[in-house]
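Each chain, written out:
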Amino acid sequence: EGDPTPTVQEPGPGVFERHGYNFVGWDKEIPATLPAGEFKVSAVWELASTPESCFEISNSGAILGFADGITKPWGIVIPATVNGISVTSIAYEAFYNERLIDVVIPEGVTSIAGRAFFASSIYDNLTLPSTLKTIGHSAFSQTQFNALTLPEGLESIGGSAFDMCRDIKTLYIP
């Protein structure tokens, strides 16, 4: 009749995909033969580099948002250069009303314009660079995120920059 004990079979390519992330493995070792009863594992992911072709940039180095016609990643690591231009800022409404998991803004960015992430959701991590000097008016207004660390060198925060950010549990202000 065969062995009724379930066994583990490793998935083939493409079974575990999360756009913008690399599958690292499982949170615990999976035995060759599963024990009786409930056995839970969770996938472990790492944020992948986001190709520069995913972004539009101005000649002055402002990220204008996602490029047209791309599949938007859930997690973004904004590169330090896009099309040979150094990224120095995030433009007005660049990521307006986007749904993201993680956002990493690169070193070298000195300003985040007003409404840059207005009404967006950043479910896990928002990483700001140490070079950031200015956060514009309503830059993160109505944005959902759990925690934020403001960099030491930050010089100005515009009015309502964090207005109606009701989900913030941890905010570090230097």
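Preceding this paragraph is the structure being described.
Per chain, residues are indexed from 1 in the order of the written sequence. The predicted origin of the model limits local features to residues at a pLDDT of at least 70 and limits the giving and counting of side-chain atom pairs to 80 or more, whereas totals for whole chains, interfaces and linings rest on all residues. Only hydrogens and water are removed before side-chain values are computed, so all heavy atoms of the structure are retained for them.

A. Fine view of unusual backbone geometry. Of note, asparagine 97 is a non-glycine position whose phi angle comes to about 55 degrees, a positive value. What counts as a helix is a DSSP run of H or I of at least four residues, what counts as a strand is a run of E of at least two, and both are numbered from the N terminus. Structurally, asparagine 97 can be placed in the loop between β8 (89-90) and β9 (99-104). A residue is classified by how much of its surface remains accessible, and asparagine 97, at 39% relative accessible area, is partly exposed. Whether a residue is buried, partly exposed or exposed follows from its accessible area with a 1.4 Å probe, protein chains only, as a fraction of its type maximum: under 20%, in between, or over 50%, in that order.

B. Representation of the pattern of salt bridges in the model. The working definition used for a salt bridge is a side-chain nitrogen of Lys or Arg within 4 Å of a carboxyl oxygen of Asp or Glu. Enumeration according to the criterion identifies 2 salt bridges in this entry. The closest approach of N and O atoms between lysine 40 and glutamate 38, which form a salt bridge, is 3.1 Å. With respect to burial, lysine 40 and glutamate 38 carry one shared label: exposed. Here glutamate 93 makes a salt bridge to arginine 115, at a shortest N to O gap of 2.7 Å.

C. Quick look at the packing of aromatic side chains. For Phe, Tyr and Trp, rings pair up if their centres lie within 6.5 Å, where Trp contributes its six-membered ring, and each pair is then called stacked (planes under 30 degrees apart), edge-to-face (over 60) or tilted (otherwise). Across all of its chains, the model carries 8 aromatic pairs by this definition. Residues phenylalanine 55 and phenylalanine 95 carry aromatic rings whose centres are separated by 6.4 Å and whose planes lie at 80 degrees to one another, so their mutual orientation is edge-to-face. Of this pair, phenylalanine 55 sits in strand β3 (residues 55-57) while phenylalanine 95 sits in the loop between β8 and β9, placing them 40 residues apart in sequence. Phenylalanine 95 carries the same exposure label as phenylalanine 55, and that label is buried. Seen from their ring centres, tyrosine 96 and phenylalanine 118 are 5.7 Å apart, and the 0 degrees between their planes marks the pair as stacked. Of this pair, tyrosine 96 sits in the loop between β8 and β9 while phenylalanine 118 sits in the loop between β10 (111-112) and β11 (121-127); the two residues are 22 residues apart in sequence, bridging distant segments of the chain. By relative accessible area, tyrosine 96 is classed as partly exposed at 36%.

D. View of the sheet that holds strand β4 (residues 62-66). The criterion for strand pairing is that DSSP finds at least two bridges linking the strands in question. Within the open sheet, the 6 strands sit side by side as β3-β4-β8-β10-β12-β14. Their pairing is mixed. In this open sheet, the two edge strands, each paired with only one partner strand, are β3 and β14 (156-157). Of the pairings in the sheet, the one linking β10 to strand β12 (residues 134-135) comprises 2 bridges and is parallel in character. When the sheet's bridge partners are listed, serine 111 is paired in β12 with threonine 134.

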